[in-house]
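Chain and residue survey
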Amino acid sequence: LVDAVLSLMPTEQCLSVSALTGQSLFYLGETELAHKVLSVAEADGASRAAYPLRLLQSEGELSIASTGKDPAGGLVTRTYRSRGPVALFLTTTAPALDDELANRCVVLGVDEDQVQTRAILAAQREAETLDGLLARRDRDQIAALHANAQRLLEPIAVVNPLAPTLTFADGRTRARRDQAKYLTLIRALALLHQHQRPRKRIVRHGVEVVYIEVAADDVAVADRLVPVIFGDRVGELAPQSRRLLSLLQAMVDAQAAIDRC
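Structural notes, computed from the coordinates. (Residues numbered from 1 in each chain as written. Predicted model: local features only at pLDDT ≥ 70, side-chain atom pairs only at ≥ 80, totals over all residues. Heavy atoms only, no water.)

A few words on the packing of aromatic side chains. Applying the stated rule across the entire model yields two aromatic pairs. Measuring from ring centre to ring centre gives 4.9 Å for tyrosine 27 and tyrosine 80, while their planes differ by 65°; the resulting arrangement is edge-to-face. Separated by 53 residues along the polypeptide, tyrosine 27 in the loop between strand S1 (14-17) and strand S2 (36-40) and tyrosine 80 in strand S4 (residues 75-83) bring together distant segments of the chain. The class of tyrosine 80 is partly exposed, set by a relative accessible area of 32%. Taking 5.7 Å as the distance between ring centres and 35° as the angle between the ring planes, the aromatic pair formed by phenylalanine 168 and tyrosine 182 counts as tilted. (Phe/Tyr/Trp six-rings, centres within 6.5 Å; stacked < 30°, edge-to-face > 60°. Helix = DSSP H or I, 4+ residues; strand = E, 2+ residues; numbered from the N terminus. Buried < 20%, exposed > 50% of the residue type's maximum accessible area, 1.4 Å probe, protein only.)

The following block contains the structure:
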C-alpha cells in the first residue's frame, strides 16, 4: 500500500530507507529532508531514531552539536542541522506504536474484512490476464501524471476563514493534536487546488503577503475523510484492537437480544 502511494509522488521528493540509526537524521544535510517524504520499510527499522523523528515532526528541524577534529588536528565543535517539514511513512505489524510518535502521526489500520480480502484476491487474478498486463502499463502513465501535477504546486500561504466556525470533539487531551491534523488536512486540500483559487494579497508592515483561502468544499472533503482517518477512537487502542473490541461488543449485543427473546 505504501509503495502504491509513493509511486504517485515525484521521485525526487521521496527518500526510502530500510532502517535509521539514532543519529543518521542529524547528518543528512540541512535541506535533504525539507518538503520530502521519508519512508521507512518497518517501524522496527526506525526504533533507534524514534526521538529525532518525534522532534522532526513537532519542531520541524533537528540540530546536534558534535565534536570532531579540525585540519590542524585540534578538537572543534560543529553544529549540524536537518530541516523539515517532512512527511513520515512507517509500516508495522505490531499491535501498538511508540505513543509519543503515534500522537504526531495519523495511524491507519489495514482493512481486514472478508469483502476487502475477496476484492484483493480478485485483483490478483485479474493481474494475470491481458487486461491486467495492459493495466500495469497504464499505471505508469497515471503515476507520472500524478507526479507531474504535484510538481506544478508552488509554496503559498493558505488561510482558512472558516476555521472559527469549525468544531472538534474536546473530551480528551489528545484532541489538541488531532484537531491540528484535521486543520492540516483542510489546508492540504486547499493547497492542492491552488491553481483553481484566486490569489489574494495583503501588505503588512511594508511586506506583501500572497495567499489562497480554504473553500467550503475543502472542509466538506475533510469531513468525509476524518471518520476514516480517526475512526471511532476508544482510549488509545490501535486500529486492530478497536476492531476486535467492536466485534466483541456486537457479539455481546447479539447475545443480549437473544436473551431478551
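Here the focus is the environment of leucine 166. Along the polypeptide, leucine 166 turns up in the loop between strand S6 (157-159) and helix H6 (175-192). A sequence separation of 17 residues divides leucine 166 from leucine 183, and the C-alpha atoms of the two residues are 9.6 Å apart. In contact with leucine 166, not counting residues within four places along its chain, are Asn160, Tyr182, Leu183, Ile186 and Val219. (Contact = heavy atoms within 4.5 Å.)

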